[in-house]
Amino acid sequence: MARYEADVVIIGGGITAAMVAEKLFELRPNWSLIVVEAGKRLFDFENRFEYRQRSLDYGENQWPGDFVADQAARGVVSRTMAVGGSALHWGGVCNRFSEEDTRLKSLYGLAADWPIEWKELERFYCEAERRLGVSGEQSPLPEDWRSEPYPMPAMTMSYNLKQLKSWAEHSGIKFWTTPQAKNTVEGYGGRGRCRRCNTCEICPTGARYSPDWTFKQLLAAKKLQLHDQTLVRKLVLDERTPRIASAQAVREDGADNNVEYRARTFVLASGYCWSPHLLLLSASSRFPNGLANSSDHVGRYMTGHLAYQTTIDLDLKIFPGMNDQHSLISREFFRCRPDRSYVRHDLRVWENAGGRGPQLRDAEGKLLLGDALMADWRKRTTRGTARVRGYFDVHPDRDSRLTLDTAAKNRWGDSLPVIQHRIDAASQARQAATREHLQGVFTQLAKAGDGRMGNVGALNYQDHPAGGCRMGSDPATSVVNTFGRTHDHENLFVVGSPTLPTGGCTNGTLTFVALALRSVEEIAK
Amino acid sequence: MAAPVNGHLHRRTLLQFLAAAIAASPLGRLRLFAQTPPITDAQTVTLKAIAEVVLPNAVSREDRDRIVTAFVAWVRDYKEGADMGHGYGSSTLRQASGASPAARYPAQFAALDDAAKAAGAASFVAMPLDARRAAIEAALNGPQPVNRLPAQPTGQSLIADFMGFYFTSSDAWDLAYQAQIGRDRCRTLDGSDQAPEPLGRSF
């Protein structure tokens with residue numbers, strides 16, 4: 001049996017944990033810190049070009065071994081479980097939410113208000129952008145004010161995006177480039193400049209922020225201990241108080257089935273799935289519904305957003321592959337006047353190769369070889385395709401839940417999680433109107449370029465999932481307070497995506513990182 | 001362990017032993033790779049004869065040879081049992097990679113030669129270009145016609161696999177667009193706001 005003690009133990013090794021660890025040591029350089037992560041550390045940066053190439057050539061995993069075989073869930077849950085978490089694979093998109101996201105109840109009578117003022121959150125958005133290294137272009141909308149400029153100039157708008165912007169703005173909707181955690185200058189954060197590899201899921205140059213980078217820097221400076229391949233199975237209460245006394249863990253490699261962590265403060269940073277899961281798994285006779293769950297809100301209000309998307313065939317010369325993960329965004333629809341039917345969404349435009357590729361047979365089914373195939377293909381290269389998508393705001397039902405699946409257990413005998421998203425009645429009631437609205441926006445865009453719109457498809461899962469330990473001022477209807485401190489256990493914090501009451505209508509990473517950075521200031525007190 | 005009765009069995013037994021030993025060892029995750037025999041020199045010549053028919057004329061002979069060499073290398077470096085990862089937001093792991101598609105190629109190389117012999121030629125390679133084209137069309141239009149270019153070799157059709165290997169490549173897209181896009185290459189951001197340079201070479 002191994003026993004470790006630290007001032008702070010962080011459970012989880014993803015992007016939130018990396019940010020919390022980095023900031024905590026700036027604020028409290030003398031504190032001891034242990035990060036415990038169930039998956040492996042994949043720090044072999046020198047092999048990333050090879051992994052990228054094998055992914056392109058053979059479809060192999062860009063991050064070989066980035067999972068724990070028997071640590072799976074049912075529902076929308078990424079299998080990534082490694083130091084760096086899902087942000088090993090992310091595209092680096094760093095959109096902010098808007099003030100409306102934090103005032104849904106007071107502005108529209110919907111869902112819940114967040115227990116935080118926008119100006120306060122904005123300050124931490126700036127900090128998150130600095131730490132992640134975000135390159136971006138200021139939105140032209142006054143509502144998108146910012147107190148600091150982006151840390152890096154925006155990514156060059158590719159020739160393709162310039163063409164697409166020119167077309168899209170003919171519709172009367174304003175577009176600009178999407179902010180991303182990708183270096184547009186050499187050396188920011190010790191990382192290289194983007195080289196347009198088109199494989200942001202694994203950035204071989206390090207231009208796209210990845211949490212493993214932060215962990216390596218902290219380890220090199222001997223600022224923390226990182227215990228990877230160590231699965232925390234249970235949080236244990238102090239015998240007489242509601243404080244957390246220890247975390248019980250096992251080594252995934254079987255080297256030790258009885259590892260104990262003791263700390264003054266525990267920070268749960270295991271994402272929207274594994275954070276509420278651990279709280280539920282940690283039920284005891286004193287807390288039979290799980291820890292931090294006196295409100296019965298752990299695992300509830302699982303959130304995210306839905307999307308409609310389409311392609312638009314345009315009379316534009318587009319060269320697919322110039323920088324196909326970079327996109328345009330419009331935030332014009334982030335706001336909705338309170339006297340109008342409620343619909344809020346982002347709007348993104350990408351270059352697209354759909355329908356432009358080589359074909360073995362022509363429209364009549366005749367086989368094409370050599371020059372005939374190339375001639376047929378070239379006919380399709382004279383026009384271009386845009387991919388257009390709008391993430392729209394839906395709100396979680398109370399019974400949008402993560403629960404323990406008693407029929408599915410890992411090798412240690414622990415029940416695994418199952419997530420069943422459910423949107424609330426108001427979101428359901430407005431779905432048809434939302435679809436009609438977005439279809440109208442897509443049609444408006446298509447008309448602007450005399451384009452032909454493809455089928456409008458709906459995302460069949462909630463993207464950018466969050467929730468499960470929502471924050472709030474009222475302990476009866478929330479799990480954590482505005483700083484992520486659990487209402488029930490004063491030395492237990494939950495940080496990151498689980499704390500979001502609602503999932504907004506755009507990518508959530510920057511938002512939950514900002515909230516986590518705010519939490520650190522409380523943790524450090 | 002049973003005593004080997006001939007060299008073949010001996011070799012197989014040894015391989016089975018190695019497989020079991022490696023699987024049981026800490027290095028087991030590395031698995032045994034590349035059980036499929038590589039493409040032979042003779043088959044490589046056949047591939048070049050196929051390439052002359054199915055690749056565009058704008059691809060020079062040297063570049064055709066390079067494409068064939070790259071395809072042979074793809075087959076050689078294929079790994080069975082490789083980690084294929086997991087899809088975005090998916091809670092399930094993809095199945096590990098299966099047997100090499102190239103395991104199905106020897107019979108298809110042989111069938112091309114058989115067809116050539118039935119047509120009175122010594123081999124597929126010995127046939128003139130038009131006859132090779134006819135044989136290739138017959139193979140792709142056969143009882144189970146091939147209708148799509150696979151993004152990656154599947155083994156169903158050697159010829160379609162080879163064509164897909166080239167036509168889905170970054171180089172083929174550049175040729176189609178007559179521009180140096182370089183989709184799969186890591187490139188500087190500089191100049192990306194301009195249209196890509198026109199192709200200055202044959203491929």
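What counts and how
Residue positions are given per chain, counted from 1 along the sequence in the order it is written. Whichever chain is written first becomes A and whichever ligand is written first becomes 1, with later ones labelled in order. Per-residue local features of the predicted model are confined to residues with pLDDT of at least 70, and side-chain atom pairs are confined, for both listing and counting, to 80 or more; whole-chain, interface and lining totals are unaffected and use all residues. Each helix is a run of DSSP H or I of at least 4 residues and each strand a run of E of at least 2, with the numbering of both proceeding from the N terminus. Residues with at least 20 other C-beta atoms within 10 Å of their own are called buried, those with 12 or fewer are called exposed, and the rest are partly exposed. The C-beta atoms themselves are positioned from the backbone. Residue pairs qualify as contacts under a 7 Å threshold applied to their C-beta atoms, which are placed from the backbone. Our radius of gyration is a C-alpha quantity, and the globule rule it is checked against amounts to 2.2 Å times the number of residues to the power 0.38. The axes used here are C-alpha line fits, helices contributing only the stretch in contact, and every angle between their N-to-C directions lies in the interval 0 to 180 degrees. The cut-offs work like this: below 35 degrees is roughly parallel, past 145 is roughly antiparallel, 65 to 115 is roughly perpendicular, and the gaps in between are oblique. Crossings are sorted by hand: turned counterclockwise from the far helix by less than a right angle, the near helix makes the crossing left-handed, and turned clockwise it makes it right-handed. Under the grouping applied here, Gly and all other residues not named as nonpolar or charged are polar, the nonpolar ones being Ala, Val, Leu, Ile, Met, Phe, Trp, Tyr, Cys and Pro and the charged ones Asp, Glu, Lys and Arg. Connectivity within a nonpolar core runs through C-beta atoms within 7 Å, and the core itself is a set of buried Ala, Val, Leu, Ile, Met, Phe, Trp, Tyr and Cys residues. By this rule the span expected of a helix is its residue count minus one, scaled by 1.5 Å. By arc we mean the arc of the directions from the helix axis to the C-beta atoms, nothing more. DSSP bridges decide pairing: two strands pair if at least two such bridges lie between them. The predictor rates its confidence in each residue with pLDDT, a number between 0 and 100.

Q: When you look at the overall build of chain B in this model, what are you seeing that I'm missing?
A: Per the secondary structure count, chain B includes 7 helices and 0 strands. Secondary structure elements in chain B, listed N-terminal to C-terminal, are α-α-α-α-α-α-α. Here chain B holds 203 residues, and the buried ones make up 29% of them. Once local pairs closer than 6 in sequence are excluded, the contacts in chain B between residues at least 24 apart make up 43%.

Q: Help me understand the overall build of chain A, please; the structure alone is not making it clear to me.
A: Tallying secondary structure elements over chain A gives 12 helices and 19 strands in all. For chain A, the C-alpha radius of gyration of 24 Å lies close to 24 Å, the compact-globule estimate for 525 residues. Seen through its C-alpha atoms, chain A measures out along the principal axes to roughly 75 × 55 × 45 Å. Sequence separation of 24 or more characterises 73% of the internal contacts of chain A that already satisfy a separation of 6 or more.

Q: Looking at this structure, I do not really get the packing of helix α2 (residues 41-54) of chain B against helix α3 (residues 61-77) of chain B. What am I missing?
A: Think of two packed helices as two axes; the pair is described by the angle between the axes and how far apart they sit. Residue and element names in this part refer to chain B. In the contact formed by α2 and α3, the axes pass within 10 Å of each other and the chain directions differ by 130 degrees. Looking at the two axes, α2 sits oblique to α3. The way α2 lies across α3 gives a crossing that is right-handed. On α3, the residues touching T44, L47, K48, A51 and E52 of α2 are R64, D65, I67, V68, F71 and V72. Of the residues belonging to the contact of α2 with α3, the class tally is 6 nonpolar, 1 polar and 4 charged.

Q: Is there a simple way to explain the interface of chain A and chain B in this structure?
A: Interface size is often expressed as the accessible area that is lost when the parts come together. At the interface, 49 residues of chain A touch 47 residues of chain B. For the side of chain A that touches chain B, the elements supplying multiple residues, two or more each, are α2 (48-58), α6 (159-169) and α9 (370-380) of chain A. Of the residues forming the side of chain A that touches chain B, the biggest block, 6 residues, is contributed by α9 of chain A. Residue composition of the side of chain A that touches chain B, by class: 23 nonpolar, 15 polar and 11 charged.

Q: I'm lost on the nonpolar core in this one. Help?
A: As a rule of thumb, soluble globular proteins bury nonpolar side chains together. Counting residues in hydrophobic clusters, the biggest one holds 90 residues, and the most contacted among them are V9, I10, I11, V20, F266, V267 and V513 of chain A. In terms of residue count, the dominant contributor to this core is helix α12 (residues 509-523) of chain A (9 residues). Apart from the residues lying within four places of it in its own chain, the contact partners of V20 of chain A are I10, V267, A269, V495, A516 and V520 of chain A. Grouped together as the second largest cluster of nonpolar side chains are 49 residues, Y159 and L373 of chain A together with L55 and A102 of chain B included.

Q: Would you take a moment to explain the environment of G91 of chain A for this structure?
A: All names here are of chain A. Along the chain, G91 falls in the loop between α2 and α3 (99-102). Between the C-alpha atom of G91 and that of R208, which follows or precedes it by 117 residues, the distance is 7.9 Å. Beyond its immediate chain neighbours, meaning those up to four positions away, G91 contacts C200 and Q325.

Q: Sorry, what's going on with helix α5 (residues 118-132) of chain A here?
A: Owing to its 3.6 residues per turn, the α-helix brings residues three or four apart onto one side. Residue and element names in this part refer to chain A. Spanning 15 residues, α5 covers 20 Å between terminal C-alpha atoms, matching the ideal 21 Å at 1.5 Å per step. Listed in full, the buried residues belonging to α5 are L121, F124, Y125, A128, E129, R131 and L132. Summarising the axial view, the buried residues of α5 lie within an arc of 160 degrees, below the 170-degree limit, and thus occupy one face. As for α5, its buried residues are in contact with α1 (15-27), α3 and α12. Looking one or two places after α5, you find G133, whose phi comes out positive at around 80 degrees.

Q: Please clarify how the environment of S166 of chain A should be interpreted in this entry.
A: Within the secondary structure, S166 of chain A sits in helix α6. Judged by the 13 C-beta atoms lying within 10 Å of it, S166 of chain A is partly exposed.

Q: What am I meant to see in the environment of W90 of chain A here?
A: Residues and elements named next belong to chain A. Tracing the backbone through its elements, the reader meets W90 in the loop between α2 and α3. Residue classification places W90 among the buried residues on the basis of 25 C-beta atoms within 10 Å. C-alpha of W90 to C-alpha of S210: the two residues are 120 residues apart in sequence and 8.3 Å apart in space.

Q: What's the story with helix α7 (residues 170-177) of chain B in this structure? I'm lost.
A: In terms of residue burial, α7 of chain B counts as a mostly covered element, since 7 of its 8 residues are buried. Regarding α7 of chain B, the residues found buried are D171, A172, W173, D174, L175, A176 and Y177 of chain B. Contacts made by the buried residues of α7 of chain B are with α9 of chain A together with α6 (158-167) of chain B.

Q: Looking at this structure, how should I read unusual backbone geometry?
A: Excluding glycine, residues mostly have negative phi values, and the peptide bonds linking residues are mostly trans. Residues and elements named next belong to chain A. For K222, which is not glycine, the phi torsion reads 55 degrees and is therefore positive. For K222, the location among the structural elements is in the loop between α7 (211-220) and β6 (225-227). In the Ramachandran plot, Y301 falls in the positive-phi region, its phi being about 55 degrees despite a non-glycine side chain. Residue classification places Y301 among the buried residues on the basis of 31 C-beta atoms within 10 Å.

Q: Would you mind showing me how to read the pairing of strand β13 (residues 384-393) of chain A here?
A: Consecutive residues of a regular strand have side chains that alternate between opposite faces of the sheet. Residue and element names in this part refer to chain A. Burial of β13 is extensive: 9 of the 10 residues sit out of reach of the surface. Relative to β13, strand β10 (residues 303-314) runs antiparallel, the two sharing 10 bridges. Within β13, the residue paired with L314 across the bridge is G384. Here strand β12 (residues 347-352) runs beside β13; their pairing, made up of 5 bridges, is antiparallel. Bridging across to β13, V349 finds its partner in V388.

Q: In this structure, what is going on with the confidence of the model for chain B? I would like to understand it.
A: The predicted coordinates should not be examined in detail at positions where pLDDT is low. Across chain B, pLDDT averages 85, with 81% of residues at or above 70. The low-confidence segment residues 1-34 of chain B (pLDDT under 50) makes 15 contacts with residues lying over four places distant or belonging to another chain.

Q: I keep staring at the packing of α2 of chain B against α6 of chain B and nothing clicks. Help me out?
A: Residue and element names in this part refer to chain B. As a packed pair, α2 and α6 sit with axes 11 Å apart at the nearest point and diverge in direction by 65 degrees. Regarding α2 and α6, the two cross each other, and that crossing is right-handed. Here L47, I50 and V54 of α2 come into contact with α6, specifically with I159, F162 and M163. Split into classes, the residues belonging to the contact of α2 with α6 amount to 6 nonpolar, no polar and no charged.

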